[in-house]
Amino acid sequence: MLLAKKAPQDGLGAKSLLDHSCEVLQAAESLFSDGEQPSALGFAWLRFFRLDADRWSQFRDNLTASALLHDIGKANDGFQGAMTGRGEQIVRHEHLSAIMLGLPAMSAWLAGNSLLQHDAILSAVACHHLKASPRPPKYAGYPSFGERYVQQNLLAINEPEEVHELLSVVAKRLGLSPPPVLPSPWSFDGSGGEDFDQRARETAGILNRIRVRGDLFVPALKAALIAADAAGSGLPREGHDISSWIASVFRTSPLKAQDIDNAVLQPRKAEIEVRRRTKDPHFSFRYQDFQERATELPDRALLLASCGAGKTVAAWRWIGARLDHRPASRAIFLYPTRATATEGFKDYVSHAPEAATLLSGTAGFELQGMFDNPDDPRSERSYETDARLFAIGVWEKRLFSATVDQFLSFMQQTYASACLLPVLVDSVVVIDEIHSFDAGLFSTLIRFLQAFDLPVLCMTASLPARRRQELEQLGFTVYPQDLAEFRDLQNRAQTPRYQVHRLDSKASAIGIVEDALQQGKRVLWVVNSVDRCQGLAQSLSRHQPICYHSRFRLEDRNARHRELIRRFADEDSGALLAITTQVCEMSLDLDADVLISEIAPITALIQRMGRCNRHLKTDRALGAVYLYAPENERPYTKEEISAAQRFLDDIISESAIDQAGLEALLEEHTRLDARERRQLATFLDDGGWARGGAEALRGGEDFTAPAVLDVDLESGRWRPGAVGIIVPVPRWPAKLAQHDKRLPRYLRRAPATHYSESLGFCKAPMDDSQGALR
């Protein structure tokens, strides 16, 4: 018997090639087809990829062929030997599948169905593991297409009668003539049978000629096969019936505005009322005018409103209205960071555990103990999905709070994100804090919006003029167009909020901190690098500052986050000093009396200022903002810091400034910004190939590596999945992050002598007085 999957340890038996191929076809049909017509997901898939409905038959037949033929390359002695522990697979099976399909006899046979697009099928099959490249990926342990196979091994087609049986199933399903007989054996050096190297080069030539322009048929087919293969492999392995499980997930009624109101908005309103009534027993929540009118926005809109104005509630109301206007099965709220996604989940979607989930790189850890108050009804609920089903385990959820990477990294050929496309294509989507996107991520967002048809609301407090214009060119309606239409927003935006001062140095700021703390004020000091954050916290240790940045163990960072929120929320806590990096700009709901900050890009400065005098209380003085030049521009550019200096020149000329004034100055200072360079979006730009991991979703350099402290490793705290003890460690000096055979390849070992729970991981070792771990 030809094997497709080796026997699992639970003894359920191995999976034959024919059975697996038919199960992948069953998954494809259950997902996309409803008899002769597309299913609801099938319609959404065609619409998302902008394929006319009359191309359904072409899509269906090509997916049928791809599903049945995607693993035909496993029918060789090398792969079969690897399945039984008696051999080695030299060529990746999906590469061999494509090469077999590239044979002239196979091409001629498939041409018997006029709907079949041979090059599209070949591309889908070659790329369904996202490891098909005209050049070998760095450190790959396998040759690439078009490269000479120098090994002197035979590649015999194993069990030709079973291969013929599989091809006969294809012929029957697609109305083809009896299948051809494939040659056997092939040799790597061309000495026997077919010349394998020549066939590999010819197949590469077919893939090279595929170009994706306005027609997204090939990417749509490739992505559909990935989803079908994931479901056809994972569901039987876990004992699920493919058709019934997929039907329970995708053959459901569309979401309605009433569902959003019941599951998200009403519980959130109740929470706000409980909190506010502790100080005002007569408080009753009501929607602001701009939140009410958000329901009138079209499928593409850009919501611009100041920090703390209530954008998220407006966005959920927009989601509800879009669901009633254009039916969809899911609602997705995307955030730029794990912290913001976690806060969005906790505040909004967590009230519907049966339908809601949190998706981020650390979601499993974040969910542990999130609702540890026994009086909170959410404390007894489970938000976990079946991890054994990998990404398809979240298909059953309908409300998502997620990082943007989870759903949009398919644009850079990330497998897990590609598996989430059946969720994304039939959704209404909000993308928050888009001002924070670096050039690479914003470029990918623009390419995504250009290519695909999906209701999307982007929102932020401030956005450079160039970026706003790019969104407008893609059909986005800016909201509100005129603040005068909404008295609530206008009053908030035009109420004097800050008095801004320029300082000549960091030393000047220390005296201001001393005076403010003596007066019992709450001070937030923001710097642009972790090293400077730690240095300040050490030099001001006598004030017991809260030091918060990205270089903590996750469990310690979460504790810091909660402490910071709690201390700032307690208005009777007295004097308080927090020293942070850029992490405060989005994930922290803080209201400081005094803000001290290094100069940063203009949008970052506006976000930081939004953490000062945030709630605009009438009994408080203006927020005092003090800005000074950083020691060096990194991690930003000289151009960004220079632009911010010019922006600051205009701000400090005012005795007081409001949010509307900041936005007007942002518009003026960014109107002539150069268009940002577009980076490749490999899902669209790879043509017939799929180079998973070839491009990063975000730009910039990664200056840290995930690590486990040696003390945690030696004590046995480390185990697979123990993400709470992972800490980002600087890649330089190199000695700080070392390989260790006890850890997975992506993790390093780091010295605990450089770590304390109050300061995080430092480049220099610490002594016991600084709380170093031992």
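What you see is a predicted model, and the numbers here were worked out from it, not measured in a lab.

**A short note on the side chain of Glu 273**
Thinking step 1. Along the polypeptide, Glu 273 turns up in helix H12 (residues 257–276).
Thinking step 2. Polar contacts involving the side chain of Glu 273 include one to the main-chain amide nitrogen of Phe 285, which spans 2.9 Å.
Thinking step 3. Sequence-distant contacts of Glu 273, that is, excluding residues within four places in its chain, are made with Phe 283, Ser 284 and Phe 285.

**Some points on the packing of aromatic side chains**
Thinking step 1. Within this structure, the stated rule accounts for 22 aromatic pairs.
Thinking step 2. Look at Trp 56 and Phe 59: their rings are 6.1 Å apart centre to centre, the planes differ by 40 degrees, and that puts the pair in the tilted class. On the criterion of helical spacing, the pair formed by Trp 56 and Phe 59 is a turn pair, its members being three residues apart in helix H3 (residues 56–69). For the pair formed by Trp 56 and Phe 59, the shared burial category is buried.

**Digging into the side chain of His 754**
Thinking step 1. Relative to the elements of secondary structure, His 754 occurs in the loop between strand S25 (748–750) and strand S26 (755–756).
Thinking step 2. The class for His 754 is buried, based on a relative accessible area of 8%.
Thinking step 3. From its side chain, His 754 meets the backbone oxygen of Lys 763 in a polar contact 3.0 Å long.
Thinking step 4. Dropping the residues within four chain positions of it, His 754 is found in contact with Leu 736, Gly 760, Phe 761, Cys 762, Lys 763, Ala 764, Pro 765 and Met 766.

**With respect to the sheet that holds strand S15 (residues 477–479)**
Thinking step 1. Read across the open sheet, the seven strands follow the order S11-S12-S10-S13-S14-S9-S15; overall the sheet is parallel. Each having just a single partner strand, strand S11 (356–359) and S15 make up the two edges of the open sheet. For this sheet, the mean inter-axis angle between neighbouring strands, taken without regard to orientation, is 15 degrees.
Thinking step 2. Here four bridges tie strand S13 (residues 427–432) to strand S14 (residues 456–460), and the two strands are oriented parallel to one another.

**Brief notes about the environment of Pro 38**
Thinking step 1. Tracing the chain through its elements places Pro 38 in strand S4 (residues 37–38).
Thinking step 2. On the accessibility criterion, Pro 38 (6% relative accessible area) is buried.
Thinking step 3. Filtering out sequence-adjacent residues up to four positions away, Pro 38 remains in contact with Phe 32, Ser 33, Phe 43 and Trp 56.

**Remarks on the sheet that holds strand S20 (residues 594–598)**
Thinking step 1. Pairing in this open sheet of six strands is parallel, and the strands run S16-S21-S20-S17-S19-S18 from one edge to the other. Edge positions in the sheet fall to strand S16 (498–502) and strand S18 (546–548), since each has one partner strand and no second. Neighbouring strand axes in the sheet, compared pairwise and without regard to direction, differ in orientation by 15 degrees on average.
Thinking step 2. Bridge count between strand S17 (residues 522–526) and strand S19 (residues 576–580): five bridges; the pairing is parallel. Following the sheet pairing, Val 526 is matched in S19 by Thr 580.
Thinking step 3. Packing against the sheet, helix H27 (residues 602–609) makes contact with S16, S17, S20 and strand S21 (623–628), and its axis sits at approximately 160 degrees to S20.
Thinking step 4. Lying over the sheet, helix H28 (residues 638–651) contacts S16 and S21, oriented at roughly 125 degrees with respect to S16.

**Remarks on unusual backbone geometry**
Thinking step 1. In this chain, Tyr 479 is followed by Pro 480 through a cis amide linkage whose omega measures -5 degrees.
Thinking step 2. With respect to the secondary-structure elements, Pro 480 resides in the loop between S15 and helix H22 (487–494).
Thinking step 3. Cis geometry is found at the peptide bond from Arg 634 to Pro 635, where omega equals 10 degrees.
Thinking step 4. Residue position: Pro 635 is located in the loop between S21 and H28.
Thinking step 5. A positive phi is found at Gln 413, a non-glycine position, where the angle reads about 60 degrees.
Thinking step 6. Take Gln 413: it is sitting in the loop between helix H17 (404–408) and helix H18 (415–419).
Thinking step 7. Gln 413 sits in the buried class, given a relative accessible area of 6%.
Thinking step 8. Despite not being glycine, Asn 613 has its phi angle at roughly 50 degrees, a positive value.
Thinking step 9. Note on placement: Asn 613 falls in the loop between H27 and S21.
Thinking step 10. Exposure remark for Asn 613: the relative accessible area of 4% places this residue in the buried category.

**Some points on the nonpolar core**
Thinking step 1. Counting 130 residues, the largest nonpolar core has Phe 410 and Phe 452 as its most contacted members.
Thinking step 2. Here this core takes 13 residues from helix H10 (residues 217–237), the largest share from any one element.
Thinking step 3. When residues no more than four places from it in sequence are discounted, the contact partners of Phe 410 are Phe 48, Ser 417, Ala 418, Leu 421, Leu 424, Phe 448, Phe 452 and Phe 683.

**Concerning the packing of H27 against H28**
The geometry of a pair of packed helices is captured by two quantities: the angle between their axes and the separation between those axes.
Thinking step 1. Running from N to C, H27 and H28 point in directions that differ by 55 degrees, and their axes come no closer than 9 Å. Here H27 is positioned oblique relative to H28, judged by the angle of their axes. Where H27 approaches H28, its residues Ile 602, Leu 605 and Ile 606 are matched on the opposing element by Ala 643, Ala 644 and Phe 647.
Thinking step 2. Within the contact of H27 with H28, the residues separate by chemical class into six nonpolar, no polar and no charged.

Scoring rules and cut-offs
- All residue numbers refer to positions counted from 1 along the written sequence of the respective chain.
- In keeping with the predicted nature of the model, local features appear solely for residues at pLDDT of at least 70, side-chain atom pairs appear and are counted solely at 80 or more, and the whole-chain, interface and lining totals rest on all residues.
- The side-chain quantities take in all heavy atoms of the structure and omit both hydrogens and water.
- Only DSSP runs of H or I covering at least 4 residues are called helices, and only runs of E covering at least 2 are called strands; the numbering of each starts at the N terminus.
- Polar contact is defined as a pair of N or O atoms within 3.5 Å, subject to the rule that within protein one atom must be able to donate a hydrogen and the other to accept it, and that residues adjacent in sequence are counted only when both atoms are side-chain atoms.
- Contacts were defined at the residue level, with two residues in contact if any of their heavy atoms lie within 4.5 Å.
- Stacked, tilted and edge-to-face are the three classes applied to pairs of Phe, Tyr and Trp rings, where Trp contributes its six-membered ring and a pair requires centres within 6.5 Å; stacked means planes under 30 degrees apart, edge-to-face means over 60, and tilted covers the rest.
- Working definition: with a 1.4 Å probe on protein chains only, accessible area under 20% of the residue-type maximum means buried, over 50% means exposed, and in between means partly exposed.
- In this scheme, strands are said to pair when DSSP sees at least two bridges between them.
- To obtain each axis, a line is fitted to C-alpha atoms, and for helices this fit is confined to the stretch in contact; angles are then taken between N-to-C directions over 0 to 180 degrees.
- Nine residue types can take part in a nonpolar core, namely buried Ala, Val, Leu, Ile, Met, Phe, Trp, Tyr and Cys, and a core is a set of them joined through side-chain atoms within 4.5 Å.
- By the definition adopted for this analysis, an angle is roughly parallel if under 35 degrees, roughly antiparallel if over 145, roughly perpendicular if from 65 to 115, and oblique otherwise.
- Here the nonpolar group is Ala, Val, Leu, Ile, Met, Phe, Trp, Tyr, Cys and Pro; Asp, Glu, Lys and Arg are the charged ones; every other residue, Gly included, is treated as polar.

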